[in-house]
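What follows is the residue order along each chain.
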Amino acid sequence: MNTMVLAAVSLLLLYLGYRYYSPVLARQLGIDESEETPAVKQHDGVDFVPAKHWLILFGHHFASIAGAAPIIGPVIACLYWGWLPALAWIVFGSIFMGAVHDLASLAISAKNEGRSIADLTENILDRNAKIVFSLFVFLTLILIVAVFAAIAGQTLANTPEVVLPTIGLIPVASLIGWMMYHRGFSIPLSSLLGVSMLFGLIVLGYLYPVNLPVPNPAQWWTVILIFYGMTASVTPVTLLLQPRDHLAALVLFAGMFFGFLGLLLSRPELHAPPVVAFSSDQGWMFPMLFITIGCGAVSGFHSLVASGTTSKQLPTMKDIRAVGYGAMVTESALAVLAVVAVTAGLYWKELPVGQHGFVYQEVFQKGGWIKTFGLGYGELTKPVLGTLGALVGITMLKTFVMTTLDSATRITRYVGSELLGETFAIPGMKNKYGITLLIGFLASMLALGNWQAIWPIFGSANQLVASVVFIVTSVWLFRRGGNWKLTAVPAVLMLITTLSALVVKTEEFLTAEPRKYLLATISIILIALALFILLQSIKVVRQKASA
């Protein structure tokens, strides 16, 4: 099948969702464009700071929510179940679920002093629901920080060519932030200078790879990255977070542009079958495909970003739709590119006689998903980037990881302070430095320990967050007299999918050799959490209906 047609139809549908469906959602959420945002009303120069332009905030939000998941999910899903169900879930899941989830989380937080969606659960449901949900979110975020640091550390150790562009992004971003916010340089000029410096760093990284002269460099990089995340999370957003994520987003946009341009110039055919199997080594297509492809379609982590960092930097309320819904469908466009890169840029099962290239299964088995995407992207962009394509693709991934690591640490600080400092009144936990030290300690213990032991449950836990957020949002809309079905239908679908996956995983853990009792226990706890929040929601709805 012609990849141009496939990509064009997918992108068109995503645009139509933004153009026609997002205004409907915005009206139901009661977004008042004349209302002041939390960033304006609660300006503190550190966390609550309005972005200089909505595109700056768009860059932060997009770079933070994207992470590596919109790439890793499609790479795995296309291999085990096929590109057709993967693409359908990415496009339609994003339009009717993922972007709805992100927009609603951002809007509700912006209308409630920039508080996190977990903290707002107390007002929407009750205090017990808030404690249970916030504790779950806090522990999940610790896992995210630890795993992203560990994976990034391994990649920096194994791919020394990306060290300079990855680490060099920090001083470049600080310089650009200083120019924009303290010296009045225009956004286009600052952006041009910053992007030029970053692409220069990519070339330098290719010419001068950096290897740490220490035993086990991956662990050293992991510690360095966690310390970076801790430092960045308490730094004023105008100094590092906003300019860095803006530049990172521009790099990602450039990478997407080159990818689709390469697709236009090379017009490759798809080598992979549309449907591989309904059951594979990774499980049945339902529910496992819908868990595997998280951020590309819908992800609970997005609600934590939207109600964590993004709502505290909104310049105006009219920007909510562009940032909340727009960034999600843009991420889905990246997931579409990932699908095309690995299914058209790589060959399926074997290399045809007389052809040069790489085989999907062989690359995935030997190099993992990062190398699989990098080589597929490299083949796709050869007409544009030549031999640098694979390096650019991997650098895109590293840019994602750094921004997500920083944002995740900052969001963990917010949630931890709300839960431990305000709700439980633990001394020192309302202080941003105290809670950050706790986060760094817990994340380090996990990252340097056996985080792989609990990582298999993350996909289901992440989608469970989305399920709970949909439930909470539905109750919020119901209490306001809005069209709660717009979020209740996705809530039911996500809850069925997530609980099905947890049941499947629990059985898998209990029948494995050796038995994985820890993972099985966590799965059962997550099922209980979902049912508890659901019952609390039904209780609140009944009370409202009878009042």
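Cut-offs applied
- Residues numbered from 1 in each chain as written.
- Predicted model: local features only at pLDDT ≥ 70, side-chain atom pairs only at ≥ 80, totals over all residues.
- Heavy atoms only, no water.
- Phe/Tyr/Trp six-rings, centres within 6.5 Å; stacked < 30°, edge-to-face > 60°.
- Helix = DSSP H or I, 4+ residues; strand = E, 2+ residues; numbered from the N terminus.
- Buried < 20%, exposed > 50% of the residue type's maximum accessible area, 1.4 Å probe, protein only.
- Lys NZ or Arg CZ within 6 Å of the ring centre and 35° of its normal.
- Core = buried A, V, L, I, M, F, W, Y, C linked by side-chain atoms within 4.5 Å.
- Contact = heavy atoms within 4.5 Å.
- Disulfide = S-S within 2.5 Å.
- Salt bridge = Lys/Arg side-chain N within 4 Å of Asp/Glu carboxyl O.
- Patch = residues over 30% accessible without salt bridge, like charges linked within 9 Å, V, L, I, M, F, W, Y side chains within 5 Å.
- Areas by Shrake-Rupley, 256 points an atom, 1.4 Å probe, with all protein chains shown as cover.
- Polar contact = N/O pair within 3.5 Å; in protein donor to acceptor, adjacent residues only side chain to side chain.
- Axes fitted to C-alpha atoms, helices over the stretch in contact; angles between N-to-C directions.
- Parallel < 35°, antiparallel > 145°, perpendicular 65-115°, else oblique.
- Left-handed = near helix turned anticlockwise from the far one by under 90°.
- Nonpolar A, V, L, I, M, F, W, Y, C, P; charged D, E, K, R; others polar.

**Some points on the packing of aromatic side chains**
Evaluation of the coordinates by the stated rule reveals 15 aromatic pairs. With a centroid separation of 6.2 Å and an interplanar angle of 40°, the aromatic rings of Phe 58 and Phe 253 are classed as tilted. Taken together, the residues span a long stretch of sequence, with Phe 58 in helix H3 (residues 54-66) and Phe 253 in helix H11 (residues 241-266) at a distance of 195 residues. The class of Phe 58 is buried, set by a relative accessible area of 9%. Here Phe 253 falls in the partly exposed class, since its relative accessible area comes to 29%. Pairing Phe 478 with Trp 484 gives two aromatic rings, centres 6.2 Å apart and planes at 80°, and the pair type is edge-to-face. Trp 484 sits in the partly exposed class, given a relative accessible area of 36%. Seen from the ring of Tyr 414, Lys 312 lies directly overhead, with NZ or CZ sitting 4.3 Å from the centre. Its guanidinium or amino end placed over the ring of Tyr 18, Arg 321 lies 4.8 Å from that ring's centre, counting from NZ or CZ.

**Side note on the nonpolar core**
Judged by nonpolar contacts, the single largest core of 187 residues is most densely connected at Phe 133 and Ile 320. Here the element with the most residues in this core is helix H7 (residues 127-158); it accounts for 18 residues. Sequence-distant contacts of Phe 133, defined by excluding residues within four places in its chain, comprise Ile 117, Ala 118, Thr 121, Val 465, Val 468, Val 469 and Ile 533.

**Re the state of the cysteines**
On inspection of all chains with the given rule, the structure shows zero disulfides. Of all cysteine sulfurs, the one in Cys 295 lies closest to Cys 78, which takes part in no disulfide; the gap is 16 Å.

**Structural notes on the pattern of salt bridges**
Oppositely charged side chains are able to pair whenever their charged atoms sit close together. Across all of its chains, the model carries ten salt bridges by this definition. Residue Arg 410 is joined to Asp 47 by a salt bridge in which the shortest nitrogen-to-oxygen separation is 2.7 Å. Note that Arg 410 is positioned in helix H17 (residues 389-423) and Asp 47 in the loop between helix H2 (38-41) and H3, a separation of 363 residues in sequence. For the pair shown, Arg 410 and Asp 47 are each scored as buried. Where Glu 513 meets Arg 515, a salt bridge forms, and the shortest distance between an N and an O atom there is 2.4 Å. With relative accessibility at 67%, the residue Glu 513 sits in the exposed group. You can call Arg 515 partly exposed: its relative accessible area is 37%. Salt bridges here are not isolated pairs; linked through shared partners, they connect Arg 115, Asp 119, Glu 122 and Lys 130.

**Some points on a nonpolar patch on the surface**
A cluster of nonpolar side chains, Val 203, Leu 204, Tyr 206, Leu 207 and Tyr 208, forms an exposed patch at the surface whose accessible area comes to about 510 Å². Checked against the element boundaries, Leu 204 lands in helix H9 (residues 187-207).

**Let's talk about unusual backbone geometry**
Across residues other than glycine, the phi torsion is negative in most instances, and most of the peptide bonds are trans. The omega torsion of the bond from Phe 286 to Pro 287 falls at 10°, within 30 degrees of zero and hence cis. Along the polypeptide, Pro 287 turns up in helix H12 (residues 285-292). Pro 514 follows Glu 513 through a cis peptide bond whose omega is 0°. Position of Pro 514 among the secondary structure elements: in the loop between helix H20 (485-511) and helix H21 (517-546).

**Structural notes on the environment of Ser 474**
Mapped onto the fold, Ser 474 is located in helix H19 (residues 458-480). In this structure Ser 474 comes out as buried when scored by relative accessible area, which is 8%. A C-alpha to C-alpha distance of 39 Å links Ser 474 and Ala 272, two positions 202 residues apart in sequence. Here the side chain of Ser 474 touches Ala 488 through a polar contact of 3.1 Å, landing on its backbone nitrogen.

**Some words on the packing of H19 against H20**
It is at 8 Å that the axes of H19 and H20 come closest, and there the two elements cross at 150°. Considering the angle they form, H19 stands roughly antiparallel to H20. Every pair of crossing elements has a handedness; the one defined by H19 and H20 is left-handed. Contact with H19, carried on its side by Ser 460, Gln 463, Leu 464, Ala 466, Ser 467, Phe 470, Ile 471, Thr 473, Ser 474 and Leu 477, involves Thr 487, Ala 488, Pro 490, Ala 491, Met 494, Leu 495, Thr 498, Ala 501, Leu 502 and Lys 505 of H20 and no other residues of that element. Class assignment for the residues of the contact of H19 with H20 results in twelve nonpolar, seven polar and one charged.

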